[in-house]
Number of protein chains: 2
Amino acid sequence: MGQEKGADDFAREDSLESLLGYQLKHLQSALRSKMDETLRPLELTTPQYNCLEQLRRRPGASNSELARGAFVTRQTMNTLLRGLQERGLIERPATAESGRILPTLLTSAGVEVLDQAISRVEAVSARMVSPLDDETQAMVTEALGLCIAALEEPENR
Amino acid sequence: MGQEKGADDFAREDSLESLLGYQLKHLQSALRSKMDETLRPLELTTPQYNCLEQLRRRPGASNSELARGAFVTRQTMNTLLRGLQERGLIERPATAESGRILPTLLTSAGVEVLDQAISRVEAVSARMVSPLDDETQAMVTEALGLCIAALEEPENR
DNA sequence: TACAGTATGTCAGAATACTTACATGGGTCA
DNA sequence: TGACCCATGTAAGTATTCTGACATACTGTA
């Protein structure tokens, strides 16, 4: 991995592919592309898929809850939900029966589309991790979790 | 293939934190937040920083080249470059001397800002990987590279 | 009870990135 | 040379996501 780049500076290990942040972005970008591609026949975008998937795990979740799970703002999730609601894939009461929370549920049409989406996405996901044995995959996932925790910890400010 | 998943659903290993794709998105989101935060005093966004950083590695790069390296479209990179150009951080000839390519260079002001930005971003990056020993970090980075290759390979279509 | 602090849903506007489209330059191959 | 194909830079319009703001509802505390 030499490449001393002589001229000006940084004779460091920065070969770009060795930077975790860069690889992260690259992989994320590639994954997003492939997911959009595989979901296009179902007329779903990746964020919409993520939303439906979350709803399967947490039926009756609130807008804010879904937003946090998808790493977007409440407002973004709200517009996402509207689109899905207009297509009849989800439903939520027009008015809250308690508090302001409008619990969201998948409709049967939503479940149907989601099932197709899941099998497609899993194919992409399987392809992504195909070069990794189970042990490596688990280690990578755990390592990423540690990185997340390190970034998010309140620290001392 | 399989996917019997019994009655309702998947009593599989899907605890969400065990899904590589999810961890990927989570970490990317956290990293982006921290980078924006640390770059704000310099009035740089993360994409702008990425652009400058690329220019340091490849002085004279073309718009399209930078776009590919940053995983955005040419058009997006173009608007990004205009902003940086107006701020005097980069420069490129008004007209191409050969072909259509307008080679872009950092100005001295750009280098100055970038140097500050780099030290800040490296602090964030260091914090992110702090829970990982060098060996683990290298392994993770390599594993991500394998995933990227697996996703991007032309396959057989 | 009254109050402060926090969380939620939503509206409006701005920022960001993408898609579609076109003109131009370089390259290959007959 | 000419025809084709591909890459580049750019423009216009659309889509997506964010920030700021506000009203409302829950929570804990005095």
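To keep things clear, this report deals only with the structure shown in the data block.

Some points on the overall build of chain A
Item 1. Summing up its helical and strand segments, chain A has six helices and two strands in all.
Item 2. The N-to-C order of helical and strand elements in chain A reads α-α-α-α-β-β-α-α.
Item 3. Taking all 157 residues of chain A together, the buried fraction comes to 42%.
Item 4. Pairs at least 24 apart in sequence give 48% of the contacts found in chain A among residues at least 6 apart.
Item 5. Summed over all atoms, the accessible surface of chain A reaches about 8700 Å², with 50% contributed by carbon and sulfur.

Section: the relation of the copies chain B and chain A
Item 1. Rotating chain B by 180° about the axis while translating it 0.0 Å along that axis superimposes it on chain A, leaving an RMSD of 0.1 Å. Each copy turns onto its partner about a two-fold axis. Among all residues of chain B, the one whose C-alpha sits closest to the rotation axis is Val-140 of chain B, at a distance of 2.8 Å.
Item 2. When the interface residues of chain B are mapped onto chain A, 96% of them again lie at the interface, so the same face is used by both copies.

Brief notes about the packing of aromatic side chains
Item 1. Counted according to the given criterion, the structure contains two aromatic pairs over all chains.
Item 2. Seen in terms of ring centroids, Tyr-22 of chain A and Phe-71 of chain B are 5.6 Å apart; in terms of plane orientation they differ by 45°. Their pairing is tilted. Taken together, the positions of Tyr-22 of chain A in helix H1 (residues 20-39) and Phe-71 of chain B in the loop between helix H3 (63-70) and helix H4 (74-86) put the pair across two chains.
Item 3. Tyr-22 of chain A sits in the buried class, given a relative accessible area of 14%.

Here we look at the protein's contact with DNA strand D
Item 1. Close contacts around DNA strand D come from 21 residues, with Gln-75, Thr-76 and Arg-100 of chain A together with Arg-82 and Arg-100 of chain B the closest.
Item 2. Each atom of DNA strand D within 4 Å of the protein was assigned to sugar, phosphate or base; sugar and phosphate come to 58%.
Item 3. In this structure, Gln-75 of chain B approaches DNA strand D through a side-chain N or O atom, which is 3.1 Å from a base oxygen.
Item 4. When residues of the surface near DNA strand D are traced back to their parent elements, those giving at least two are helix H4 (74-86) of chain A together with H3 and H4 of chain B.
Item 5. Broken down by element, the residue count for the surface near DNA strand D peaks at four residues, all from H4 of chain B.
Item 6. Class assignment of the residues belonging to the surface near DNA strand D gives a composition of four nonpolar, ten polar and seven charged.

What about the interface of chain B and chain A?
Item 1. At the interface, 53 residues of chain B touch 53 residues of chain A.
Item 2. Between the two partners, chain B and chain A, sit zero salt bridges.
Item 3. Our count for the contact surface shared by chain B and chain A stands at eight residue pairs in polar contact (both at pLDDT 80 or more).
Item 4. Of all elements in the fold, only helix H1 (20-39), helix H2 (46-57), helix H5 (108-129) and helix H6 (134-152) of chain B reach the threshold of two or more residues within the side of chain B that touches chain A.
Item 5. Of all the elements, H1 of chain B adds the most residues to the side of chain B that touches chain A, at 14 residues.
Item 6. When its residues are assigned to classes, the side of chain B that touches chain A shows 24 nonpolar, 14 polar and 15 charged.

Concerning the pattern of salt bridges
Close approach of charged atoms allows side chains of opposite charge to pair.
Residue and element names in this part refer to chain B.
Item 1. In the structure shown here, the tally under the stated rule is eight salt bridges over all chains.
Item 2. Between Glu-53 and Arg-57 there is a salt bridge, and its shortest N-O distance comes to 2.8 Å. Of this pair, Glu-53 and Arg-57 both sit in helix H2, four residues apart, which is roughly one turn of the helix.
Item 3. For Glu-53, a relative accessible area of 12% corresponds to the buried category.

Conventions adopted
- Residues numbered from 1 in each chain as written.
- Chains lettered and ligands numbered in written order.
- Predicted model: local features only at pLDDT ≥ 70, side-chain atom pairs only at ≥ 80, totals over all residues.
- Heavy atoms only, no water.
- Helix = DSSP H or I, 4+ residues; strand = E, 2+ residues; numbered from the N terminus.
- Buried < 20%, exposed > 50% of the residue type's maximum accessible area, 1.4 Å probe, protein only.
- Contact = heavy atoms within 4.5 Å.
- Areas by Shrake-Rupley, 256 points an atom, 1.4 Å probe, with all protein chains shown as cover.
- Least-squares fit on C-alpha atoms with pLDDT ≥ 70 in both.
- Phe/Tyr/Trp six-rings, centres within 6.5 Å; stacked < 30°, edge-to-face > 60°.
- Near = heavy atom within 4 Å.
- Polar contact = N/O pair within 3.5 Å; in protein donor to acceptor, adjacent residues only side chain to side chain.
- Nonpolar A, V, L, I, M, F, W, Y, C, P; charged D, E, K, R; others polar.
- Salt bridge = Lys/Arg side-chain N within 4 Å of Asp/Glu carboxyl O.

Geometric values such as these leave the question of function open.
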